[in-house]
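A look at the structure
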Amino acid sequence: MKSELKTYEERMKKSVASVAADFAAVRAGRANAAVLDRIMVDYYGTPTPIHQIASIGSPDPRTLTIQPWDASAVKLICKAIQESDLGINPQNDGKVIRLAFPQLTEERRKELVKQIAKYAEGGKVAIRNIRRDAVEDFKAQKKNSEITEDDMKIAEKDIQKLTDDMCKEVDELLAKKEKELLAV
């Protein structure tokens, strides 16, 4: 039973990590290479992450530079960035692409807070779905007489505690990201 709880715990941790990755992709007015993680470039017919075909640098807090290893990829990367929901227009000089991150307006900050709240809620829903799967699994085991009623109650209590802990972790990540977005 402990190994099954470990399995569900790992799945919940992956959900929390996914929420953290979503939060990292939300730009907070500073240049952060993580905002490019979700953008795929159609490189020779294969969707490829930008960091695999270029080096990404940050010469100052509000600028990212992307220097493709293959000069023919410059236009492809620019096109992928323009088609993304990043909201930044890339400037290129034929060799290097520059992304200038403007100061966030109050309205944009509020939109981003709503966006990260949706990400957090999605993460909590995923965690609760894992809890539901676990409880159904334990009920099936009880029905098949693989575990006792007491074992099932203990397992349900443990999985609920795990669910509460993981949801609390998502809430803490949300509070931290909100604070970051609303600062300045």
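For the structure itself, consult the block above.
In this report, the structure presented in the accompanying data block is examined. (Residues numbered from 1 in each chain as written. Predicted model: local features only at pLDDT ≥ 70, side-chain atom pairs only at ≥ 80, totals over all residues. Heavy atoms only, no water.)

Here we take up the pairing of strand β6 (residues 97-100). Here β6 shows one buried face, formed by I97 and L99, and one open face, formed by R98 and A100. Pairing of strand β4 (residues 63-68) with β6 involves 4 bridges; the strand directions are antiparallel. Residue T63 lies in a different strand from β6, and its bridge partner there is A100. Hairpin connection from strand β5 (residues 91-92) to β6: 4 residues lie between these consecutive antiparallel strands, with G94 at a positive phi of about 95°. (Buried < 20%, exposed > 50% of the residue type's maximum accessible area, 1.4 Å probe, protein only. Helix = DSSP H or I, 4+ residues; strand = E, 2+ residues; numbered from the N terminus. Pairing = 2+ DSSP bridges.)

Before going further, it helps to spend a moment on the packing of aromatic side chains. Each pair of aromatic rings is reported with the distance of its centres and the angle of its planes. Overall, the coordinates contain 2 aromatic pairs when judged by the stated rule. Residues Y8 and F138 carry aromatic rings whose centres are separated by 6.4 Å and whose planes lie at 65° to one another, so their mutual orientation is edge-to-face. Of the two residues, Y8 sits in helix α1 (residues 2-25) while F138 sits in helix α3 (residues 106-143), which places them 130 residues apart along the sequence. On the basis of relative accessible area, Y8 is assigned to the buried category, the value being 9%. Both rings, one in Y43 and one in Y44, keep their centres 4.7 Å apart while their planes meet at 65°; by these two values the pair is edge-to-face. (Phe/Tyr/Trp six-rings, centres within 6.5 Å; stacked < 30°, edge-to-face > 60°.)

This next bit is on the environment of A54. Looking at the secondary structure, you find A54 in strand β3 (residues 54-60). Taking relative accessible area as the criterion, A54 reaches 3% and is therefore assigned buried. Taking C-alpha positions, A54 is 41 Å from R131, a pair spaced 77 residues apart along the chain. Once residues lying within four places of it in the same chain are set aside, the contact partners of A54 are I66, Q67, P68, W69 and I77. (Contact = heavy atoms within 4.5 Å.)

A separate point is the pairing of strand β2 (residues 46-49). Alignment of strand β1 (residues 40-43) against β2, held across 4 bridges, turns out to be antiparallel. Within β2, the position partnered with D42 by the bridge is P47. Linking β1 back to β2 in an antiparallel pair, the connection comprises 2 residues, with Y44 at a positive phi of about 55°.

Function-wise, these values are silent; they only describe arrangement.
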